[in-house]
Amino acid sequence: MDQATLVGYAFGYLVTLVAVFILCLPFIIGLVLLMLLAGVVRLILLVATALTVGLIGLFKSARNNPTGNPRRAPHGTDLIAH
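What you see is a predicted model, and the numbers here were worked out from it, not measured in a lab.

A. Local environment of the overall build of the protein. Each helix and strand in the protein was counted, giving one helix and zero strands. In the protein, which comprises 82 residues, the share counted as buried stands at 1%. Summed over all atoms, the accessible surface of the protein reaches about 7,800 Å², with 77% contributed by carbon and sulfur.

Structure (structure tokens):
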């Protein structure tokens, strides 16, 4: 096998590799976009959960103690983070 044949095979393999990558590119881009969307949804849910827990704690303390003085709740009645 001479040098021109080896270079031809190498060039053919590279062209095939690039062609397969270009054919799979829409699927790769779609997967990346779905992963970004999932991250954004998770971040929005995290913020919504934090706001909900904070508002529940605020309203709970205001309802239990209308004078405004902070009071310690009995053991076992606080929200538990998990």
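B. Structural detail: a nonpolar patch on the surface. A surface patch of nonpolar side chains, amounting to about 760 Å² of accessible area, comprises Val 18, Phe 21, Ile 22, Ile 28, Ile 29, Val 32, Leu 33 and Leu 36. With respect to the helices, strands and loops of the structure, Ile 28 is situated in helix H1 (residues 3-64). The exposure class assigned to Ile 28 is partly exposed, which follows from its relative accessible area of 40%.

Reading the values: rules and limits
- Residues numbered from 1 in each chain as written.
- Predicted model: local features only at pLDDT ≥ 70, side-chain atom pairs only at ≥ 80, totals over all residues.
- Heavy atoms only, no water.
- Helix = DSSP H or I, 4+ residues; strand = E, 2+ residues; numbered from the N terminus.
- Buried < 20%, exposed > 50% of the residue type's maximum accessible area, 1.4 Å probe, protein only.
- Areas by Shrake-Rupley, 256 points an atom, 1.4 Å probe, with all protein chains shown as cover.
- Patch = residues over 30% accessible without salt bridge, like charges linked within 9 Å, V, L, I, M, F, W, Y side chains within 5 Å.
- Salt bridge = Lys/Arg side-chain N within 4 Å of Asp/Glu carboxyl O.

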